[in-house]
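# Secondary and tertiary structure notes
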Amino acid sequence: MPGLMRIGLTAAIFAAGAVTAASAASTQSFILKGYSFGPMPGVNTAEIEAKLPRKAGARITGADVAAEEAIVERELKARHVQGRLFASTAVKRDRMWIIFDLVQEPVRILVSQSFVGASHVSPEILARATGLRPGTTLSVGKLNAARRSILAAYGKALHGKPINLKLRMQTRHSVKPGTVPETWLTWTIVEPKSSR
């Protein structure tokens, strides 16, 4: 995944068992109860928490939560941590917890890719179009970009006629610890039937 992606504030505010609107939380102030960090492998969350300006007992608003999230995002980027950062809040009475979660994609390395059903565009051209080479670290972003490139190559070859494109990923995990899983991609292309 190309770096840390900020998703933004997900307000999950529970006041006396009822969900409160995020807009109300942004203007209302609460007493900060503390921070909670979900799993962040290899990250010392205590170091990141120490850099947050608001401490337990401080008054905090939704805008402050967004500012805290920006700081955590910046700290994760500085540590070259990849993933999607989610910040949510939990409120009981006038006390607020800020919860940070990081969602990371599994790391996979491309071994090879093949193209099934390709007749109007050669597999060699499609392989170049995807930009994926053996040894490439795969991510959802790279796979989506590869898909768009295949569709664009076919759009030119078939003068805008649509194709059906499916992707199958096969991954093999090694028994050796610390080894990155190997992945084979199979792109299945169903070309439109020629009109006679």
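Basis of the calculations
Residues numbered from 1 in each chain as written. Predicted model: local features only at pLDDT ≥ 70, side-chain atom pairs only at ≥ 80, totals over all residues. Heavy atoms only, no water. Salt bridge = Lys/Arg side-chain N within 4 Å of Asp/Glu carboxyl O. Helix = DSSP H or I, 4+ residues; strand = E, 2+ residues; numbered from the N terminus. Buried < 20%, exposed > 50% of the residue type's maximum accessible area, 1.4 Å probe, protein only. Expected span 1.5 Å × (residues − 1).

## Some details on the pattern of salt bridges
Applying the stated criterion across every chain, the model contains 7 salt bridges. Residue glutamate 75 pairs with lysine 51 through a salt bridge whose shortest N-O separation is 3.5 Å. With a gap of 24 residues between them, glutamate 75 in helix H3 (residues 62-78) and lysine 51 in helix H2 (residues 45-51) connect regions that are remote in the sequence. Exposure remark for lysine 51: the relative accessible area of 49% places this residue in the partly exposed category. A salt bridge links arginine 79 to glutamate 75; its shortest N-O distance comes to 2.7 Å. Under the relative-accessibility criterion, glutamate 75 is labelled buried at 11%. Via salt bridges that share partners, Glu47, Lys51, Glu75 and Arg79 belong to a single interconnected network.

## A few points about H3
Here H3 contains 17 residues, and its C-alpha end-to-end distance of 25 Å stays within 8% of the 24 Å for a straight helix at 1.5 Å per residue. Every buried residue of H3 is accounted for by Gly62, Asp64, Val65, Glu68, Glu69, Ile71, Val72, Glu73, Glu75 and Leu76. Trailing H3 by a residue or two, histidine 80 shows a phi angle of about 60°, which is positive.

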